Amino acid sequence: MTDSIKQVLIPSAGVGSRLGSLTEHVNKALIQIDGKAVISHIIELYPEYYEFIICLGHKGDFLRQYLEISHPKINFNFVEIDNYEGKGSGLGYTLSKTKKFINKPFFFHTNDAMFKRKFPIFEEDTIILSSSSSDSRNYRTASINDSTGNLQILHDKTQEKLLNVYTYTGVAYIKNYKKFTEFLDEMSIDIGESDYFIKKIGGETKYFMSNDWIDIGSIDGINNAKDQFGGFKNLNKTTEEIYFINNEVIKFDINSKVISQKVVRNKLLKDITPKVVESKNNFFKYKYVQGEIFSDLLSPNEKFEDLLYWCKSNLWNIENLNKNELKEFKSNTKAFYFDKTFERINLYNEEYGYFDRDTKINGVSFPKLEELLSFVNWDDIFDAKPCNYHGDLHFENILKTKEGYCLLDWRASYGQSLSIGDIYYDLGKLLHGLWINHKIIRDEHYEIRIKGSKISFDIYQKKSLIECQDILQRFAKDNGYSWEKIETIAALILLNIAPLHHDPYSKLLYFFGKEQLKRIVKYYE
């Protein structure tokens with residue numbers, strides 16, 4: 001049986017309030033699962049020649065940009081929904097705005113329904129039911145006629161426990177699209193497309209049983225999907241993301257300035273980073289580069305010295321600045337290290353309602369962080385070494401390729417400068433990633449316990465990474481760099497990035513940074 005061109009309607013206007021902070025900055029359709037946005041998983045269930053109607057509302061511009069840059073061959077019709085939260089909003093209202101776009105048989109596919117397998121070709125109105133779920137309290141459910149293959153009744157949600165019913169997944173094929181569009185003006189704002197089936201506007205409806213439906217409309221659902229799909233995992237950040245689509249890597253940041261700066265810096269870094277091939281306000285993409293992430297190497301210590309000297313030859317080109325350039329560089333350095341550190345610490349305190357005080361960390365007494373920072377030799381920190389730089393140089397952002405190395409996810413700027421940074425920052429970044437390795441965090445090989453002013457934590461450290469610290473220290477000594485300064489900057493980095501990550505990892509970063517800082521600055525009570 002051949003399949004004709006059809007449409008797929010994906011309503012993605014809602015706020016996704018059940019997902020809390022995950023949808024504070026993005027539409028829930030952009031949540032990354034196994035390296036792809038949820039909406040990409042949905043799109044890939046259908047033939048590429050289908051037409052897609054996407055309803056935009058909450059963070060809709062981000063969603064539009066993502067679809068245009070990640071699926072350029074797909075024919076999208078975007079429908080702007082003016083009222084997507086509060087009084088008068090609802091799925092029925094959203095669907096009413098699609099009336100002039102629906103012009104052929106179509107699939108209705110809610111943006112929180114994921115499946116692992118594609119659907120067969122349907123010839124009649126058909127709803128997709130879950131063969132393994134019958135939750136009448138939280139979902140609409142269906143009574144069916146086994147002998148005819150027809151839907152008998154589609155039940156609205158009810159506190160009554162219904163028997164012999166199957167959960168409606170929020171996906172349906174609507175052959176009678178003309179009757180559907182005629183009904184849109186009368187459709188329930190709250191119930192949406194289900195009202196069409198409940199009232200049997202299109203006549204008899206078939207059903208199809210699915211055994212691989214995953215509802216990602218809740219935090220538990222998201223975690224379940226990530227467990228079932230497996231694959232790529234990244235440290236959670238709600239303001240940026242990375243996706244892998246059709247052999248391309250797509251980077252997202254809510255800050256358009258960061259994206260534009262990274263595109264400029266990509267040209268400055270030239271061949272040691274993947275070439276950006278397209279960009280939008282909040283996205284850019286480049287071709288996927290074959291290689292092995294440095295943190296995944298079985299023995300990174302065996303290649304680490306080679307990497308350092310490769311960076312020395314290909315990245316850390318020391319710059320001789322004139323008087324005005326040097327003045328600007330020193331101003332950038334102060335803002336980058338000193339001002340940003342105190343801004344980030346204040347952000348951490350606001351985020352967690354934390355009051356800086358004397359603490360005990362792993363049984364040892366510590367003063368307030370403010371007091372520890374007063375012992376930092378800031379003049380020495382400000383005496384930076386200007387060079388080309390990466391800015392986020394840790395093992396997760398380094399690829400070992402056949403030709404050598406490729407650096408990923410470069411920093412947007414060093415203060416106000418796109419071209420000149422401090423070699424000590426790259427060295428400090430390397431060290432901070434040896435102290436707290438991202439792979440160890442992803443695999444949750446750490447624990448932290450907080451009881452009042454008493455904090456204890458433990459983190460697994462691989463022997464090979466401890467050896468890498470020795471290699472880095474030897475490299476610093478052989479090339480005339482201060483190890484104490486590198487350690488100090490690494491500790492400051494931990495404190496700076498603490499408010500940018502998820503709990504409890506953020507707290508581990510904060511207190512580990514505080515512990516390291518006391519050791520390095522030789523604080524005496």
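In this report, we go over the structure that sits alongside the text. Small disclaimer: the values here were computed from a predicted structure and weren't measured. (Residues numbered from 1 in each chain as written. Predicted model: local features only at pLDDT ≥ 70, side-chain atom pairs only at ≥ 80, totals over all residues. Heavy atoms only, no water.)

We now examine the overall build of the protein chain. Scanning the protein chain from N- to C-terminus turns up 16 helices and 26 strands. Each of the three principal axes of the protein chain carries a C-alpha extent, and together these read 80 × 50 × 45 Å. When the 525 residues of the protein chain are sorted by exposure, 55% land in the buried category. The protein chain carries 69 positive and 73 negative side-chain charges, and their two centres are separated by 1 Å. (Helix = DSSP H or I, 4+ residues; strand = E, 2+ residues; numbered from the N terminus. Buried < 20%, exposed > 50% of the residue type's maximum accessible area, 1.4 Å probe, protein only. Lys, Arg positive; Asp, Glu negative; His and termini not counted. Charge placed at Lys NZ, Arg CZ, Asp CG, Glu CD.)

The next point concerns the packing of aromatic side chains. A ring pair, where both rings are aromatic, is described by two values, the distance of the centres and the angle of the planes. A complete count under the given rule lists 53 aromatic pairs for this structure. These aromatic residues form a ring-pair network of at least three members: Tyr-46, Tyr-49, Tyr-50, Phe-52, Phe-76, Phe-78, Phe-107, Phe-115, Phe-119, Phe-122, Tyr-173 and Phe-208. The aromatic ring of Phe-336 is capped on one face by Lys-340, whose charged end is 4.6 Å from the ring centroid. Sitting above the plane of the Tyr-405 ring, Lys-400 keeps its charged end 5.0 Å from the centroid. (Phe/Tyr/Trp six-rings, centres within 6.5 Å; stacked < 30°, edge-to-face > 60°. Lys NZ or Arg CZ within 6 Å of the ring centre and 35° of its normal.)

This part covers the sheet that holds strand S17 (residues 283–287). Strand order in the open sheet formed by 4 strands is S14-S15-S17-S16, and the pairing between neighbours is antiparallel. Either end of the sheet is taken by a strand with one partner, and the two such strands are strand S14 (240–245) and strand S16 (276–279). For this sheet, the mean inter-axis angle between neighbouring strands, taken without regard to orientation, is 20 degrees. Direction of pairing for S16 relative to S17: antiparallel, over a ladder of 3 bridges. Paired with Val-276 across the two strands is Tyr-286, which belongs to S17. Seen against the sheet, helix H2 (residues 60–70) touches S14, strand S15 (248–253), S16 and S17 and runs at an angle of roughly 20 degrees to S17. (Pairing = 2+ DSSP bridges. Axes fitted to C-alpha atoms, helices over the stretch in contact; angles between N-to-C directions. Contact = heavy atoms within 4.5 Å.)

Formed by 90 residues in total, the largest nonpolar core has its most connected members in Phe-304, Trp-316 and Ile-436. Residue contributions to this core peak at 10 residues, all from helix H15 (residues 483–497). The residues touching Trp-316, leaving out its near neighbours within four places in the chain, are Leu-308, Cys-311, Cys-387, Asn-388, Leu-393, Ile-423, Asp-426, Leu-427, Leu-430 and Phe-475. (Core = buried A, V, L, I, M, F, W, Y, C linked by side-chain atoms within 4.5 Å.)

This next bit is on the sheet that holds strand S20 (residues 364–366). Spatial ordering of the open sheet is given by S20-S19-S26-S25, a layout of 4 strands whose pairing is mixed. Whereas interior strands pair on both sides, the edge strands pair on one side only; in this sheet they are S20 and strand S25 (446–451). The sheet shows a mean angle of 25 degrees between the axes of neighbouring strands, taken without regard to direction. The sheet contact formed by strand S19 (residues 359–361) and strand S26 (residues 454–459) spans 2 bridges and is parallel. Opposite Ile-361, over in S26, you have Ile-455 as the bridge partner.

We now examine the packing of helix H9 (residues 323–352) against H15. To describe two helices that pack against each other, one gives the angle between their axes and the distance between the axes. Packing of H9 against H15 brings their axes to within 8 Å, and their N-to-C directions diverge by 40 degrees. In terms of their interaxial angle, H9 and H15 are classed as oblique. Between H9 and H15 the crossing geometry is left-handed. Counting all contacts with H9, which are made through Tyr-337, Lys-340, Thr-341 and Arg-344, the residues of H15 involved are Ile-489, Leu-492, Leu-495, Asn-496 and Ile-497. Across the contact of H9 with H15, the residue classes tally to 5 nonpolar, 2 polar and 2 charged. (Parallel < 35°, antiparallel > 145°, perpendicular 65-115°, else oblique. Left-handed = near helix turned anticlockwise from the far one by under 90°. Nonpolar A, V, L, I, M, F, W, Y, C, P; charged D, E, K, R; others polar.)

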